[in-house]
Amino acid sequence: MILFAGALVIGAAVLHALPTLPQWPWMLLALPALGLMARGWTRPLAGLLFGCMLAGMHGQAWMDRAVPEALTGAEVTVTGTVRGIPDHGSRRSRFVLQVDAIVAAPEGFRAERLRVTRFPADPRIAPGDRIRATLRLRPPRGLHNPGGFDYAAWLYRAGIHGMGSVRGDLERLGPALGPWKAPDLHRLRVMVRDAMRAAHPDARHPGVMQALVIGDRGAMAPDEWRRFLHTGTNHLMAISGLHVGLVAGFALLLGRSAWRRLPGLRRALPLGWFVALVAMAAAAAYAALAGFSIPTQRALMMLILISVAVLAGRDPLSWRVYGAALIIVVTVAPASVLAPGFWFSFGAVAVILVLLQGRLRPPGPKGWLPIQMILALALLPLSLAWFQLGSWIAPLANLVAVPIVSFLVLPALLTGAGLALVWTPLAIPFLWWADVWLALLLWMLGLLLAVPGAVGEMAVPWPGAVLAGLGVVLLLVPRARRLLPWAGLAWLPLALPVASPLPEGHFRAEMLDVGQGLAVVVYTRRHVLVYDAGPAWEDGLDTGSAVVLPALRRRGVRSVDRILVSHEHADHRGGVAAVASGLPVGDILSRLREAGAGERTCEAGVIWEWDEVRFEILHPPPFWDQSNVASCVLAVQGRHGRLLLTGDLEGLGERVLVHGIGERLATDVLLVPHHGAKGVLSRDLLAAAAPAVAWVSTGFDNRFGHPVPDVRMRLDARCIPLFDTSERGMMWLETGPDGIKLGPGSRVERRRFWHPPVTAAPSLPDHCRNEAATALGVAKAAGGVGPDDHQGSGSVHTGVVAGDAPVRGQPAREGFAGVGSPRGLASQGETRSVAAGQAVE
C-alpha cells in the first residue's frame, strides 16, 4: 500500500507542476489505472495514474470557476454567505464569500468562492452572515517571485476562484439559511474567542492563546510569530497532530476513569471501544473548534485510522496506516500536495515510523521528547528549502517548548475556554495560568535567539534538502549505522554555495515583483546592492520581509553592502526597515536631508566600484528636496552591459538629467521612471538613453493605469520592448562575455496552470517586425549573430558587432529580440548582445 500511496502523491505533485492543464477527460484515466491494480508490481503505476486523475479533475474544476483575466475590473452583484472568521484590520475587512446567487454579472463569471475586501473596515461582518454586494472583480493572482510566497497557489489550494472589492454598501440579509452548517461552527469559534478575551482582557499574549484554541493566528504579534518561527517551534501554532493527539490522549484518560467508575458503561461497551470513541469524539470537537483547517483534518484522519487499527488488533504505527492516510488526504484534497504543511506533517510521521521500527511498544512520555528533538533536526533541511530559514537551536527549543505547551498551556487553555462560555469567573485562573507560561516560554525563546548563529537564513535546493533529511534518518537508525559516512555526505549540499559566483566585471540585476512599488537587487561577485525595497502598507504587505529578504536568501546572501533609497515615498522606502532588520547592512544612501545613523545623502557625483563593476549616481544635484523629481538615478556599468535605474524621476528632474549629462545616459536596459506615469520618459530621455529593453515595475490592475498608453506608444515607436512586473513577475538580467542575458520573467520561467497565461516576450508593432527582418539580414552579412544562432535557457540572443550600426533583431515567433548598441567598451572591439526570452504561445 505504501508504494501505491507514494505513487499517488507523486502523480498529483507532477501534474501540479505543469505550466498548462490539458483539457482532457481526466476520469478516463481510471480505466487503465484499475486494470493495473490487478498485479502487485504494477500498482505503483496505477497510483501514479490515479494521482494525475485526481489532480487533473480538481484543477480543471477550479479553472472552470476561476475569474478570467478578461473580467478584471468588471462588476458583479451577488448574494452570498460569509465563510470562516473575517479578518478585520484598522482600515479594511477581508472575508471569504460563498456565492449563493448571481444577481447581475457579465458573461463568463462562474466563481463560487471569492476573497472579498471592504474599505473601510466593518467589524459587524460575522461568520454566517448572508449579504448582497456589488463587487469589482480581480482574477486569482498575486505577486510572483522565485523563493517568495505564491499567493495564487494559496488561493488555488483554498478553492478561492477570484477576488473582489466591495463597491458601495453591503446589504445584510440575515444569518445563513437552512439547518446547522459550517457558519454556525465559525460563529461558535468567534464566541469562544470573545469569551476568552472577556475573561482575561489583560492577557499578555492573547493572539497566541487564540491560535492554540481556535486555530486563528491573525491576532499574533509579529514578534511572537518571529520567536516561534526562528526557533523552529512554529509548528506549535498550527493545530495539527501534536495538539489533536494530546486532546485525544487527555480524553482517553478521562474516558478510562469514567468507564471504571460507571457500571452502566462497563456493561454497554468494552473499555477499548469506549475510550477509542471518546478520544475520537474529543479530537473531532477540537478539530471543529480549529475550523477544520487542512492540517487539523490530516491529524484527525490519522488519529481515526490509528484508532481503527488498534480496535482491529493491527499495529497502529505501521506503514499501512500511514499509506492509508496519504491516500485519503490526496483523494479528498489533491491540491494539498502544494502545501508545506503536507510535507512537514507526513515527513514528520515518516521519521517517527522509521525511529520506532523494531520497538515492541510505543515509547512513553520521556521517549517522545527525544523524538521531538530528532524531528526538529530531520525537518531542518526541508525548512531551509521551503522557507530559506532553518533554526539550529530547534532541537533545544522544542525540548523546552513542547512540554510547556503540551502539559501546562494547552490543557489550561481548553479548560478555560470551555468555562468562559459557561461563567466567566471560572475561566480566569486557567487563562491566567496559561498566559503566565506562554510569557515565560516566549522569554526563553528570546534568550535562545540571542545565541550567535542560532538561525540559518539561506536557500537550499530541493534535491539537497531531501538528501540531508535522509542523512539525518540514517544517523539515527541503528541498522543503518554502517552507512554513517554516506549520511555525512548527504549533508554536504547544505554547505555548498546556492549560486555560482559571478565573474569579475559582471553583474546580475533582479527587479522584484512588489506590486505598485519598486525593488531592484544588483549582485556583483562579492557585493550586493538593494535599490529601493518596495512598499509596506498598514494592515497589509511589507514587501521588505515578504519579497526582498526571501529573494536575497535564495541567492545565499548573508549581508547587504548598501541600500540605496531613490526617494522617500512609501512604495520605495517602505520595505527598507524590514531588510535592515533581517540582514546586516553596510550603509544606506537616501534623500533624507537629516540623515540618521547609518544613512548618507544620495546625490550626483557619488561613484564607487565593486568587483570591477562601476556604480555612479547621476542625479540629483546637491540641495534638492525629497520629491519624485529628486529621485536618485543610478547607472550600473559592467564590462559588457549597462543598467540605468531611475526611481520615480519625472518632469524637471528628467530635463535637468538630460541636458546636464545626456551623453552619459546611453544604456542597454532602462528602468522606466515612476512606474510609467503620465508625463515621464520624455522623448529626449528616451533618445539619450537609447535602451535595448525597458523595464517597468507596476501593480496589477493599479488604480493609476500605469504604465500609461503614451509611454507604451513612445517605446513602440522606437521598437523597444517593455517588460512589466505585473505581467511577468520578477525579471532579471545578467551580463557576460556575450553581452546581456535577459530573463523573460518568473511567470514565464516558473509558470503553473493556475497562473495567468503570458507570452515569453512582449509584442511589438508590425513596423518593428519589418525592420527586424531587414536588420537580421544585415547582421548576418556582417558576421553578427541572429536570433537563432545562440540558444540558452529559453533565450534568444541578438548581437551587435562593434563598429556597425545598431542592429535590431526579431525572433521567428511573436515577441522581440533585444537591441544592442555600443556602450562604453565598443571602441575596444567587444561584441555586445542582448538576449530576450523566446516567445511562446
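A brief look at the structure comes next. (Residues numbered from 1 in each chain as written. Predicted model: local features only at pLDDT ≥ 70, side-chain atom pairs only at ≥ 80, totals over all residues. Heavy atoms only, no water.)

Description of the overall build of the protein
Scanning the protein from N- to C-terminus turns up 28 helices and 27 strands. Counting over 841 residues, the protein shows a buried share of 53%. For the protein, the proportion of contacts with a sequence separation of at least 24, taken over those separated by at least 6, is 69%. Counting only carbon and sulfur atoms, one obtains 61% of the accessible surface of the protein, whose full area is about 35700 Å². (Helix = DSSP H or I, 4+ residues; strand = E, 2+ residues; numbered from the N terminus. Buried < 20%, exposed > 50% of the residue type's maximum accessible area, 1.4 Å probe, protein only. Contact = heavy atoms within 4.5 Å. Areas by Shrake-Rupley, 256 points an atom, 1.4 Å probe, with all protein chains shown as cover.)

Structural notes on helix H13 (residues 340–356)
Taking 1.5 Å of rise per residue, 17 residues should cover 24 Å, and H13 covers 24 Å from first to last C-alpha, within 8% of that figure. Taken residue by residue, H13 has Pro340, Phe342, Phe344, Phe346, Ala348, Ala350, Val351, Ile352, Leu353, Leu355 and Leu356 as its buried positions. (Expected span 1.5 Å × (residues − 1).)

A few points about unusual backbone geometry
Following histidine 619, the chain continues to proline 620 via a peptide bond in cis, the omega torsion being 10°. Within the secondary structure, proline 620 sits in the loop between strand S15 (613–619) and strand S16 (633–638). Histidine 706 connects to proline 707 through a cis peptide bond whose omega is -10°. Secondary-structure assignment places proline 707 in the loop between strand S19 (693–696) and helix H25 (709–717).

Section: the state of the cysteines
Under the defined criterion, the tally for this structure stands at two disulfides. Between the sulfur atoms of cysteine 602 and its disulfide partner cysteine 632 the distance amounts to 2.1 Å. Within this pair, whereas cysteine 602 is found in the loop between strand S13 (599–601) and strand S14 (607–610), its partner cysteine 632 is found in the loop between S15 and S16, the two being separated by 30 residues in sequence. Here cysteine 719 is linked by a disulfide to cysteine 768, with a sulfur-sulfur distance of 2.1 Å. Torsion about the S-S bond of the cysteine 719 and cysteine 768 cystine: about -95°, corresponding to left-handed handedness. (Disulfide = S-S within 2.5 Å.)

Considerations on the nonpolar core
Counting 55 residues, the largest nonpolar core has Met196, Leu212, Val213, Phe228, Met237 and Leu413 as the members making the most contacts within it. Residue assignment for this core shows that the elements contributing at least two residues are helix H5 (182–199), helix H6 (206–214), helix H8 (241–261), helix H10 (271–289), helix H11 (294–311), helix H16 (394–422) and helix H17 (424–449). Counting residues per element, this core draws most heavily on H16, which supplies eleven residues. The residues touching methionine 237, leaving out its near neighbours within four places in the chain, are Val208, Ala211, Leu212, Arg217, Met220, Trp225 and Phe228. Grouped together as the second largest cluster of nonpolar side chains are 40 residues, Leu21, Met302, Ile327 and Trp754 included. (Core = buried A, V, L, I, M, F, W, Y, C linked by side-chain atoms within 4.5 Å.)

Quick notes on the sheet that holds strand S18 (residues 669–671)
Strand order across the open sheet formed by seven strands is S14-S15-S16-S17-S18-S19-S20, with mixed pairing between neighbours. Of all the strands in the sheet, the pair left with one neighbour each is S14 and strand S20 (722–724). Strand-to-strand twist across the sheet, computed as the mean angle between neighbouring axes with direction ignored, equals 20°. Pairing geometry for S19 and S20, over three bridges, is parallel. Paired with alanine 694 across the two strands is leucine 722, which belongs to S20. The strands touched by helix H23 (residues 652–661) are S15 and S16; relative to S15, the strand with the most contacts, the crossing angle is about 120°. (Pairing = 2+ DSSP bridges. Axes fitted to C-alpha atoms, helices over the stretch in contact; angles between N-to-C directions.)

Considering the sheet that holds strand S2 (residues 93–104)
The sheet built from five strands closes into a barrel, its strands ordered S1-S2-S3-S5-S4 with mixed pairing. Sheet twist, expressed as the average angle between the axes of neighbouring strands with direction ignored, equals 50°. In the sheet, strand S1 (residues 75–88) pairs with strand S4 (residues 129–138) via seven bridges, with the strands oriented antiparallel. In the strand pairing of S4, glutamate 75 is matched with arginine 136.

Notes on the pairing of S4
Pairing of S4 with strand S5 (residues 162–175), which is carried by nine bridges, proceeds in the antiparallel orientation. Residue leucine 137 lies in a different strand from S5, and its bridge partner there is glycine 164.

What about the side chain of aspartate 513?
For aspartate 513, the position within the fold is in the loop between strand S8 (508–511) and strand S9 (519–523). Given the relative accessible area of 3%, aspartate 513 is considered buried. Within the structure, the side chain of aspartate 513 is placed 3.5 Å from the backbone nitrogen of glycine 515, a separation counted as a polar contact. What aspartate 513 contacts, discounting residues up to four positions off in sequence, is Gly142, Leu143, His144, Asn145, Val547, Thr725, Gly729, Met730 and Arg747. (Polar contact = N/O pair within 3.5 Å; in protein donor to acceptor, adjacent residues only side chain to side chain.)

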